[in-house]
Amino acid sequence: MKDIKIESTLTVYEDYNELPKPVASLMDQAINTRLKAYAPYSEFLVGAAILLDNGEIITGNNQENASYPSGLCAERTAIYYAGAKYPDANIVMMALTAGSQNQPTNSPIPPCGACRQAISEYEVKQNDSIQIYFMGTSGKVVKSNSLANLLPLGFDRSFL
Ligand code: THU
């Protein structure tokens, strides 16, 4: 028997203003998209912007439903659209912003487990890492160089 240690290194920016310019402009798109989310039940708005290696940017936000489980997170709305529209493009980077309509959200909000699994699928598909930047509506921004840092022991096609 032995223990294994799983470690991840993330980068933390003090705030949006510290981001490199191309990342800040992708985050701007996530911020704009977030405000168009359809989230009447949770009143928690999430925006995602995805930069593809063909230069295209795909955005998405959370879409809720009166039948709650029928709704979809922003990350999956965006990434499935990217996959549908540009099936041969690789995903370079994702910018995410999330927060309540009712109070400021100052802490970085990471993608939920189901979205990590969905993003992981595309990282495996393209055999190249996806940079992920996530924030609340203000405050610190966290960068992960790869989705794998956020989903240790991930399940992928190699197990099938
Ligand atoms: N949500 C996202 O869009 N992404 C996440 O990673 C976590 C949660 C949405 C789903 C729901 O519309 C609202 O936030 C509250 O959970």
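Structure: above.
Every value quoted in this text rests on a predicted model; they were computed, and no experiment measured them. (Residues numbered from 1 in each chain as written. Predicted model: local features only at pLDDT ≥ 70, side-chain atom pairs only at ≥ 80, totals over all residues. Heavy atoms only, no water.)

S.K.: Got a minute to help me understand the layout of surface pockets in this structure?
M.R.: Empty pockets left among the atoms are what a rolling probe the size of a water molecule brings to light. Taken as a whole, the largest pocket holds about 280 Å³ of empty space. Going through the elements one at a time, β2 (44-52), α2 (74-85) and β4 (91-100) are the ones with two or more residues in the lining of the largest pocket. With three residues, β4 is the single largest residue contributor to the lining of the largest pocket. For the lining of the largest pocket, the class distribution of residues is 14 nonpolar, five polar and two charged. (1 Å grid on protein atoms, 1.4 Å probe; cavity = no way out; pocket = protein on both sides within 12 Å on 5 of 7 lines; lining within 4 Å. Points joined across faces, edges and corners; volume = space filled by probe spheres on them. Helix = DSSP H or I, 4+ residues; strand = E, 2+ residues; numbered from the N terminus. Nonpolar A, V, L, I, M, F, W, Y, C, P; charged D, E, K, R; others polar.)

S.K.: Before we go on, may I ask you to explain the packing of aromatic side chains in this structure?
M.R.: Pairs of aromatic rings are described using the distance from one ring centre to the other and the angle between the two planes. This structure, assessed with the given rule, holds four aromatic pairs. Both rings, one in Y80 and one in Y122, keep their centres 6.5 Å apart while their planes meet at 55°; by these two values the pair is tilted. Placement of Y80 in helix α2 and of Y122 in helix α3 (residues 113-126) is noted, with a sequence separation of 42 residues between them. Take Y80: its relative accessible area is 40%, and that puts it in the partly exposed class. Owing to a relative accessible area of 15%, Y122 belongs among the buried residues under this scheme. (Phe/Tyr/Trp six-rings, centres within 6.5 Å; stacked < 30°, edge-to-face > 60°. Buried < 20%, exposed > 50% of the residue type's maximum accessible area, 1.4 Å probe, protein only.)

S.K.: Can you help me understand helix α1 (residues 21-34) in this one?
M.R.: Two residues of an α-helix separated by three or four positions point the same way, owing to the 3.6 residues in each turn. For α1, spanning 14 residues, the distance from its first C-alpha to its last is 20 Å, which sits close to the expected 20 Å at 1.5 Å a residue. Packed against the buried residues of α1 are β2, β3 (57-61), β4, β5 (131-135) and β6 (141-144). (Expected span 1.5 Å × (residues − 1). Contact = heavy atoms within 4.5 Å.)

S.K.: Help me understand the environment of G55, please; the structure alone is not making it clear to me.
M.R.: Among the secondary structure elements, G55 is positioned in the loop between β2 and β3. Measuring from C-alpha to C-alpha, the distance between G55 and V92 comes to 9.4 Å, with 37 residues separating the pair along the chain.

S.K.: Help me out: how do you make sense of the site of the ligand in this one?
M.R.: Residues in close proximity to the ligand include S42, F44, V46, N62, E64, C73, A74, E75, P111 and C112, which together make up its full environment. E64 places a polar side-chain atom, nitrogen or oxygen, 2.4 Å from an oxygen atom of the ligand. Within the backbone of A74, one N or O atom sits 2.9 Å away from an oxygen atom of the ligand. Out of a free accessible area of 370 Å², the ligand has 75% covered by protein chains. Of all the cavities here, the one that holds the ligand is the largest pocket. Classifying every residue of the shell around the ligand by side-chain character gives six nonpolar, two polar and two charged. (Near = heavy atom within 4 Å. Polar contact = N/O pair within 3.5 Å; in protein donor to acceptor, adjacent residues only side chain to side chain. Areas by Shrake-Rupley, 256 points an atom, 1.4 Å probe, with all protein chains shown as cover. Sits in = over half its atoms within 2 Å of the grid points.)

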